[in-house]
Amino acid sequence: MKKTVIQILFFFLAGSLSAEAVILVHGFMGFGRQTIPGFYYWGGFVDLEGELNKAGFTTFTAEVGPVSSNWDRACELYAFIKGGVVDYGKAHSEKYGHTRYGNYYPGVFPEWGEEHRIHILGHSMGGQTARLLTHLLKYGDPAEIDSSPEDCSPLFLGGKDWVQSVTTFSTPHDGTTLLENQALFNSVQYQTIGFLAALSRLKVISFNFKLDQFGITPSTDKPTSEITNQIYNYLFNKEAKDTGTWDASLLGAKELNRWVKASDQVYYFSWATEATQESSLNGYQVPKLGMSTVLLPSSFFLGWYTAEKPVRIDSSWWQNDGVVNTLSMAGPRLDSSDKITFFQGLPEKGAWNYMGILESTDHIQVLGIGRDMLSWYVNWVSFLYNLE
């Protein structure tokens, strides 16, 4: 870990209680608390949400579309926190050919507002989702206001300083080169989708892909293969840009970075992860001993891939955590106007305070899966709660 505990504790002691809730946002293919009995996305066999609540921090685990675009996920996250029917926006839904309204959420923190702000912790693509939600709250969306002036969702109106801080872990702010290997990624995802759909159909788990807006609704009456193909075709349609796979790609991330910008009233923190080391044989980055076995094939690919287009990829991109290039995790750089600064003890609002690298920690372990991260998260949330 690059930054010292002393630096963090110094600021912790100088702070004062501010926000009132912590929202945990999962990444691509993530899931909610009730999906897998006894196992949690945040914490594995340790219930991180429950433990943070025990420590005195009001905490909620969001459940948004696991493979959806960050726009759709941000709209769902807004409804999940505040309560109400998901409104994906008239302009957006017409552009991408899906229904405008989604599911109803009762709201886990309906008092959310100027006087009751939140801290958002986003893992992987969940960090992109948190960025987009915060942008829409602050700046709104002119296209949505123009398309539905009479019934525009409050989310798209802007002017809302409702977020105290955003923390991203292992987030592909500039995309991941893993998506450049379509043969590997597509094959793995097809098998994963089929496996999850089959288990859900058998009611072993209750994994919900949340693609109802596209008319993709899992049903026990449908064969698993039909559901799998529907989801796969949605994700890997080369023309589709309203998907999680597009947003996490190099071009998709660049496009997002062009218009999603930081709010000057929000503290942004980014943590990077890595679980590779330079090979003495060829200079490539190879997995360290202890990396989660399931991540080894993708880590090897990330550790040597180079390209000139669509983005120049050289050896600086090779260090990785098995899913995302470490270089991509500090904050949005490609086509972004956001400022990234190394954290030196006092955080800066409106800029990405880069906290450094959690060393020898892969994309799964940072969640506390296969590694004890509980005290680390309690300390980090304590720090956030004491931001001025």
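Here is a short report on the structure shown in this document. (Residues numbered from 1 in each chain as written. Predicted model: local features only at pLDDT ≥ 70, side-chain atom pairs only at ≥ 80, totals over all residues. Heavy atoms only, no water.)

Overview of unusual backbone geometry
For the record, the criterion: The way it works is that DSSP assigns letters per residue, a run of H or I at least four long becomes a helix, a run of E at least two long becomes a strand, and they are numbered from the N terminus. Think of it in three bands: residues with accessible area under 20% of the maximum for their type are buried, residues over 50% are exposed, and the middle band is partly exposed, with areas taken using a 1.4 Å probe on protein chains only.
Cis peptide bonds are those with omega within 30 degrees of zero, and the linkage from Lys-309 to Pro-310 qualifies with 0°. Positive phi values are uncommon outside glycine, yet Ser-170 reaches one of about 55°. With respect to the secondary-structure elements, Ser-170 resides in the loop between strand E6 (163-169) and helix H7 (182-201). Among the residues examined, Ser-170 registers a relative accessible area of 0% and is labelled buried. Positive phi outside glycine occurs at Ser-360, with the angle close to 55°. The topology assignment puts Ser-360 in the loop between strand E11 (352-358) and helix H12 (374-385). Residue Ser-360 is classed as partly exposed on the basis of its relative accessible area, which comes to 34%.

Some words on the sheet that holds E6
In plain terms, the rule: By definition, two strands form a pair when at least two bridges between them are found by DSSP. Every axis corresponds to a line fitted to the C-alpha atoms, with the helix fit spanning only the stretch in contact, and the corresponding angles, defined between N-to-C directions, vary from 0 to 180 degrees. Any pair of residues with heavy atoms lying within 4.5 Å of one another is described as a contacting pair.
Taken together, the 7 strands give an open sheet; going across it, the order is E2-E1-E5-E6-E7-E11-E10, and neighbouring strands pair in parallel fashion. Unpaired on one side and paired on the other, strand E2 (59-61) and strand E10 (340-342) mark the two borders of the sheet. Neighbouring strand axes in the sheet, compared pairwise and without regard to direction, differ in orientation by 25° on average. Pairing between strand E1 (residues 21-25) and strand E5 (residues 118-123): 5 bridges, direction parallel. Pairing of Leu-24 across the sheet is with Leu-121, part of E5. Strand contacts of helix H5 (residues 125-139): E1, E5, E6, strand E7 (267-273) and E11, with the helix running at about 145° to E5, the strand carrying the most contacts.

Re the packing of aromatic side chains
Put simply, the test is: Centre distance within 6.5 Å is the pairing criterion for rings of Phe, Tyr and Trp, where only the six-membered ring of Trp is used; planes under 30 degrees apart are then read as stacked, over 60 as edge-to-face, and the remainder as tilted.
Overall, the coordinates contain 35 aromatic pairs when judged by the stated rule. When the centroid spacing of 5.1 Å and the interplanar angle of 70° are considered together, the rings of Trp-112 and Trp-162 count as edge-to-face. Remark: Trp-162 occurs in the loop between helix H6 (142-147) and E6 and Trp-112 occurs in the loop between strand E4 (101-105) and E5; sequence separation between them is 50 residues. Trp-112 sits in the buried class, given a relative accessible area of 1%.

Examining helix H8 (residues 224-235)
Going by this rule: Multiplying one less than the number of residues by 1.5 Å gives the expected span of a helix. Picture the helix axis, draw a direction to every C-beta atom, and the arc is the one those directions span.
For H8, with 12 residues, the first-to-last C-alpha span of 17 Å sits near the 16 Å given by 1.5 Å per residue. For H8, the full list of buried residues reads Ile-227, Thr-228, Ile-231, Tyr-234 and Leu-235. Mapping the buried residues of H8 onto a view down its axis gives an arc of 130°, with all of them on the same face.

A word on the layout of surface pockets
Filter applied, for reference: Residues are said to line a cavity or pocket when one of their atoms sits within 4 Å of a point; the points come from a 1 Å grid over protein atoms alone, cavities being sets where a 1.4 Å probe fits but cannot get out and pockets being open sets with protein on both sides within 12 Å along at least five of seven lines. Grid points are joined across faces, edges and corners, and a volume is the space filled by probe spheres set on the points. We call Asp, Glu, Lys and Arg charged. Ala, Val, Leu, Ile, Met, Phe, Trp, Tyr, Cys and Pro are nonpolar, and the rest, Gly among them, are polar.
By volume, the largest pocket amounts to about 1,100 Å³. Lining the largest pocket are 38 residues, and of these Phe-28, Met-29, Gln-189, Leu-295 and Ile-364 lie nearest its centre. Listing elements by their share of the lining of the largest pocket, those giving two or more residues are H7, helix H9 (244-247) and helix H11 (296-302). A total of 8 residues in the lining of the largest pocket trace back to one element, the largest contributor, which is H7. Looking at side-chain class alone, the lining of the largest pocket contains 27 nonpolar, 11 polar and no charged residues. Roughly 420 Å³ of internal volume is contained in the second largest pocket.

Concerning empty space enclosed by the protein
Under the counting rule described, the total for this entry stands at 3 cavities of 30 Å³ or more. Here the largest cavity defines a volume of roughly 50 Å³. For the largest cavity, the full set of lining residues is Phe-31, Gly-32, Arg-33, Tyr-40, Tyr-41, Trp-42, Asp-47, Leu-48, Glu-49 and Thr-61. Partitioned by chemical class, the residues of the lining of the largest cavity number 5 nonpolar, 2 polar and 3 charged. The space that makes up the second largest cavity amounts to roughly 40 Å³.

Quick look at a nonpolar patch on the surface
The following threshold applies: Two distance rules govern patches: like charges are joined within 9 Å, and nonpolar side chains (Val, Leu, Ile, Met, Phe, Trp, Tyr) within 5 Å, applied only to residues with over 30% relative accessible area and no salt bridge. For every accessible area listed, the method is Shrake-Rupley and the probe measures 1.4 Å; residues are considered covered only by the protein chains on display. The term salt bridge refers to a pairing of a side-chain nitrogen on Lys or Arg with a carboxyl oxygen on Asp or Glu at a separation within 4 Å.
Taken together, Val-85, Tyr-101 and Tyr-104 make up a surface patch of nonpolar side chains, about 340 Å² in accessible area. Within the fold, Tyr-101 resides in strand E4. In this structure Tyr-101 comes out as partly exposed when scored by relative accessible area, which is 43%.

Some remarks on the pairing of E6
Residues in a regular strand point their side chains to alternate faces of the sheet. For E6, the tally of buried residues reaches 7 of 7 residues, placing the bulk of the element in the interior. One ladder, built from 5 bridges, connects E6 with E7; its direction is parallel. Pairing of Ser-165 across the sheet is with Tyr-267, part of E7.

Some details on the side chain of Thr-61
Definition in use: We call two N or O atoms a polar contact when they sit within 3.5 Å, provided that within protein one can donate a hydrogen and the other can accept it, with sequence-adjacent residues counted only if both atoms are side-chain atoms.
On the secondary structure map, Thr-61 appears in strand E2. On the basis of relative accessibility, which here comes to 11%, the residue Thr-61 falls in the buried class. A polar side-chain atom of Thr-61 sits 2.7 Å from a polar atom in the side chain of Glu-49. If sequence neighbours within four positions are ignored, Thr-61 has contacts with Leu-24, Arg-33, Trp-42, Glu-49 and Phe-80.

Description of the nonpolar core
Rule in force here: Think of a nonpolar core as a cluster: buried Ala, Val, Leu, Ile, Met, Phe, Trp, Tyr and Cys residues, connected wherever their side-chain atoms sit within 4.5 Å.
Core analysis: the largest hydrophobic core is formed by 60 residues, its most contacted members being Trp-42, Leu-121, Phe-169, Phe-209, Tyr-377 and Trp-380. Broken down by secondary-structure element, the contributors of at least two residues to this core are E1, helix H2 (48-54), H7, H8, E7, H11, E11 and H12. Here this core takes 7 residues from H12, the largest share from any one element. Contacts of Leu-121, omitting those with residues within four sequence positions, involve Val-22, Ile-23, Leu-24, Val-25, Trp-42, Thr-167, Phe-169, Tyr-377, Trp-380, Val-381 and Leu-384. Counting residues in hydrophobic clusters, the runner-up holds 38 residues, among them Ala-74, Ala-130, Leu-133 and Cys-152.

By themselves, these observations are geometric and do not establish any function.
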